[in-house]
Amino acid sequence: MMNRNRARCIMVQGTMSGAGKSLLCTALCRIFAQDGLRVAPFKSQNMALNSYVTREGLEMGRAQVVQAQAAGVEPDVRMNPILLKPCSDTGSQVIVRGEVRGQMPAKEYFQYKKQLVPEIRNAYQSLAAEYDVIVIEGAGSPAEINLKADDIVNMGLAKLINAPVLLAGDIDRGGVFAQLYGTVALLEEEERARIGGMVINKFRGDPEILRPGLSMLEERTHLPVLGVVPYLNVEIDDEDSLAPCLSCSSVHKPIDVAVVHLPRISNFTDFAPLENHPALGVRYVTEASSMGHPDLIILPGTKNTMEDLLWLRQSGMEAVILKAAAADTPVLGVCGGYQMLGRTLRDPNGTEGGIPGRVLRGLGLLPIDTTFTEEKTRTRVQATVLPDSLAGAQLDGYEIHMGCTRGAGTPFCMLQDGTPEGCCQDLVFGTYLHGLFDTGELTVKLADWLCTRKGIAPQRAAAISHGAYQQRQFDMLADGVRAALDMQAIYRLVEEYA
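Presented here is an overview of the structure given in this document. (Residues numbered from 1 in each chain as written. Predicted model: local features only at pLDDT ≥ 70, side-chain atom pairs only at ≥ 80, totals over all residues. Heavy atoms only, no water.)

## Description of the sheet that holds strand S11 (residues 195-203)
- In spatial order, the strands read S2-S9-S1-S10-S11-S12; together these six strands make up an open sheet with parallel pairing. Looking at the sheet topology across the chains shown, the edges are occupied by strand S2 (39-42) and strand S12 (225-230). Taken pair by pair, the neighbouring strands of this sheet meet at an average axis angle of 20°, ignoring direction.
- Contacts from helix H2 (residues 62-71) reach S2 and strand S9 (133-137) within the one sheet, and its direction differs from that of S2 by about 170°.
- Docked against the sheet, helix H15 (residues 487-496) engages strand S1 (8-14), strand S10 (165-170), S11 and S12, running at close to 115° with respect to S1. (Pairing = 2+ DSSP bridges. Helix = DSSP H or I, 4+ residues; strand = E, 2+ residues; numbered from the N terminus. Axes fitted to C-alpha atoms, helices over the stretch in contact; angles between N-to-C directions. Contact = heavy atoms within 4.5 Å.)

And the structure:
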C-alpha cells in the first residue's frame, strides 16, 4: 500500500484523440478508490463542448466530472483548470478555473497559454495536498511535433509535475503497433524515459494472437506492454465529438426519439438516460432526409446558437421540424435548442458570432425572445416539471448559457425557489436545464406519455437515477481494466516517481 504522506500520480497519454484515455483514467480512478486511496482526476487543458457546473457555480469539462464521480469525490474546477469550448473552426471560448476569460482565435491562445502555467501548477499542487494519488489525462497525442513547443497538456505537463506516463493505443481503429512505435520514436529521449509502459486498448478477440507483435513492439521501443484492455461493453458518459452515440442513426425500440445533431452540439450526454430506457430508441439525425416520422424531436444544446440556427434553416432541417410540429409531433428544446424554438434571437454585442446587432428569426414554436449578453449563466438548480403530461417529475440539473430569454406561455418547470423556468405551448417544450433526465423521473414520465400517445402499453421501468446507473458502470469498467492491466507494475511506477 502507498505511503500517504504526499500524493503520487500517474498520467495516461494516447497515440491519438479517441484512443480511450478518458475511459482508462476513469477506470484507474475507480480502481485506486476501490483500493482505499483518496483519488482525484486532473487534466490541465480540455477542449470540449460538454461541460458541467459545480456546486460553486463554476464550469469544467465533463470528462473530469465523470472521473471524479468514479473516484467518489465531488467535481472541482481544479481538476480541469483550463477548458476550451470551440465556437468556430478557428477559435474557442477560454475558461480558466471555471470562469470565462474571453474568446480567442487559435493563434492568439497558443501565445497566451504560456501565461496559464502558474494556474495549472497551482491547481495541481492544491489537489496533491489533499489526495493520495492524482490520475492525469493527456490530450490528443504527445507526438504532435508542430505543437510540442510550450506544451502544457502532455509531456510538457508530465515534466512540470514529474509524472510517469502510460501510453495507450487504440487497436480498434487499426495500426496500433505503428501508432505506439511511431509515437515513441517521435519523442525526445527525456520524454521516452517517462513512459513506464504501453497499453493496447479496445481489443476484440484472444490476446494471445497479439503475442508476437507485442514482443516485437517491446524489443523495438524498449518499453513493456502493461496490458491489453478488451473492448468493454460499458456505458460511461462521453464528452467527445467522437462519442459512438453520435453516429447512432437507427435504434429498434417502440418509441423513436430523434435528436438533431447540430454542427456545434454540446452536452449531448443530457440524453444518455433516455438511451437506457427499454422503450426509448435514441438516434442522432444529421440530414433532413433522415428525420422520418419520430415520436419526439429533440433540439439539443449548442455552443453557437445563431450559427446552428442558420444551419438548421439552410439544411432543410427547420422545415422538417416545423412540418412535424404541425402534425402534432412533440418537440423538446434544451438550452440552445430552447432558444431556437422562440420568435427572435438578438445579438447586440456580437457575443455569439462576432456580428454585433444581428437578429435572427427563430422557429416560432414558442412565444419567447432571446437576447445574448456578455454574462454567462452558470448555476445548479432543482425543479419540478409542470405540464400535465409530465407533471411532478423532480429535476436536479444545471444551467450553462449565454443570453436572457423572456416571453409568455406556460413555464416548463418551477425552480425550488419558486422561479418559473422554460416554456411550453401545445406539444412544444423548452428549458435551459441540462441534466433534466438524470434523476430518472422525467425519463419514466416521458416514456409513459409517448407510449400512451402511440397507443402502446407503457414499458414500466423504475426511475433509476443516472448517477446510480453510472456507479454500476464504473465498477464494471474497473473490473475489466483491472483484470487486463498489470496493476502491480503500475503501482511500482507510481511509487518510483513519488
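Alright, that's what it looks like, and here's the rest.
## Here's the deal with the pairing of strand S18 (residues 331-334)
- The two faces of S18 match: Val-331 and Gly-333 on one face and Leu-332 and Val-334 on the other face are all buried.
- Pairing analysis gives three bridges linking strand S16 (residues 296-299) to S18, with the strands arranged parallel. Each bridged residue has a counterpart across the sheet, and for Ile-297 the counterpart in S18 is Val-331. (Buried < 20%, exposed > 50% of the residue type's maximum accessible area, 1.4 Å probe, protein only.)

## Examining the packing of helix H10 (residues 305-314) against helix H11 (residues 317-326)
- As a packed pair, H10 and H11 sit with axes 4 Å apart at the nearest point and diverge in direction by 80°. Between H10 and H11, the crossing angle belongs to the class labelled roughly perpendicular. Of the residues in H11, those in contact with Trp-311, Leu-312 and Arg-313 of H10 are Met-317, Glu-318 and Ile-321.
- Per-class residue counts for the contact of H10 with H11 are four nonpolar, no polar and two charged. (Parallel < 35°, antiparallel > 145°, perpendicular 65-115°, else oblique. Nonpolar A, V, L, I, M, F, W, Y, C, P; charged D, E, K, R; others polar.)

## Examining empty space enclosed by the protein
- If you walk through the whole model with that rule in mind, you get four cavities of 30 Å³ or more.
- By volume, the largest cavity is sized at about 180 Å³.
- Lining the largest cavity we find 18 residues, and of these Thr-302, Lys-303, Ile-400, His-401 and Met-402 sit closest to its centre.
- Every element with two or more residues in the lining of the largest cavity is listed here: helix H12 (336-340), strand S21 (368-385) and strand S22 (394-407).
- For the lining of the largest cavity, the element with the highest residue contribution is S22, accounting for three residues.
- In terms of residue class, the lining of the largest cavity is built from five nonpolar, nine polar and four charged.
- Residue lining of the second largest cavity: Leu-296, Pro-330, Leu-332, Leu-390, Phe-412, Phe-429, Phe-437, Leu-442, Leu-446 and Trp-449, and that is the complete set.
- At three residues, the largest contribution of residues to the lining of the second largest cavity is made by helix H13 (residues 441-454).
- Tallied by class, residues from the lining of the second largest cavity come to 10 nonpolar, no polar and no charged. (1 Å grid on protein atoms, 1.4 Å probe; cavity = no way out; pocket = protein on both sides within 12 Å on 5 of 7 lines; lining within 4 Å. Points joined across faces, edges and corners; volume = space filled by probe spheres on them.)

## Considering H13
- End to end, H13 covers 20 Å across 14 residues, agreeing with the expected 20 Å (1.5 Å per residue, within 8%).
- Along H13, the residues classified as buried are Leu-442, Thr-443, Val-444, Leu-446, Ala-447, Asp-448, Trp-449, Leu-450 and Cys-451.
- Following H13 by one or two positions, Gly-455 has its phi on the positive side, about 80°. (Expected span 1.5 Å × (residues − 1).)

## Describing the nonpolar core
- By size, the foremost hydrophobic cluster in this structure holds 89 residues, and its most contacted members are Leu-28, Phe-32, Phe-42, Tyr-109, Ile-134 and Ile-136.
- The element that contributes the greatest number of residues to this core is helix H1 (residues 21-34), accounting for seven residues.
- Listed in part, the 67 residues of the second largest apolar core include Val-259, Ala-279, Val-334 and Leu-360. (Core = buried A, V, L, I, M, F, W, Y, C linked by side-chain atoms within 4.5 Å.)

## Section: the packing of aromatic side chains
- Considering all chains together, one arrives at six aromatic pairs under this definition.
- The interplanar angle of 75° and the centroid separation of 5.4 Å between the aromatic rings of Phe-42 and Tyr-124 together place this pair among those described as edge-to-face. Separated by 82 residues along the polypeptide, Phe-42 in strand S2 and Tyr-124 in helix H4 (residues 117-128) bring together distant segments of the chain.
- The exposure class assigned to Phe-42 is buried, which follows from its relative accessible area of 0%.
- For the ring pair Phe-412 and Phe-429, a centre distance of 6.4 Å and an interplane angle of 70° mean the geometry is edge-to-face. Taken as a pair, Phe-412 in the loop between S22 and strand S23 (413-415) and Phe-429 in strand S26 (residues 428-431) lie far apart in primary sequence, 17 residues in all. The two residues Phe-412 and Phe-429 agree in class, both being buried. (Phe/Tyr/Trp six-rings, centres within 6.5 Å; stacked < 30°, edge-to-face > 60°.)

## A short note on the side chain of Lys-303
- If you trace the backbone, Lys-303 turns up in the loop between strand S17 (301-302) and H10.
- No salt bridge is formed by the buried Lys-303. Its closest oppositely charged neighbour is Glu-352, at 5.7 Å.
- Setting aside chain neighbours within four positions, we find Lys-303 in contact with Leu-49, Lys-85, Pro-86, Cys-87, Gln-93, Gln-103, Arg-264, Ser-266 and Glu-352. (Lys, Arg positive; Asp, Glu negative; His and termini not counted. Salt bridge = Lys/Arg side-chain N within 4 Å of Asp/Glu carboxyl O.)

## So, H1
- Taking 1.5 Å per residue, 14 residues should reach 20 Å; H1 reaches 20 Å between its end C-alpha atoms and fits that length.
- Of all 14 residues in H1, 10 are buried; the element is thus mostly enclosed.
- The first or second residue beyond H1 is Gly-36, which carries a positive phi of 90°.

## A few points about the environment of Asn-122
- You can see Asn-122 is positioned in helix H4.
- When the C-alpha positions of Asn-122 and Pro-81 are compared, they lie 9.4 Å apart, and in sequence the two are 41 residues distant.

## Quick look at the pattern of salt bridges
- Across all of its chains, the model carries 27 salt bridges by this definition.
- Note that Arg-8 is salt-bridged to Glu-495, the shortest N-O span being 3.1 Å. With Arg-8 in strand S1 and Glu-495 in helix H15, the pair connects residues that are 487 residues apart, well separated along the chain.
- On the basis of relative accessibility, which here comes to 31%, the residue Glu-495 falls in the partly exposed class.
- Residues joined in a network through salt bridges with shared partners are Glu-59, Lys-85 and Lys-376.

## Side note on the environment of Arg-346
- Along the polypeptide, Arg-346 turns up in strand S19 (residues 344-347).
- According to the relative accessible area criterion, Arg-346 is partly exposed, its value standing at 40%.
- Sequence separation between Arg-346 and Thr-373 is 27 residues, and the spatial gap between their C-alpha atoms is 9.3 Å.
- Non-local contacts of Arg-346, meaning those with residues more than four positions away in its chain, are made with Arg-358, Val-359, Thr-370, Thr-371 and Phe-372.

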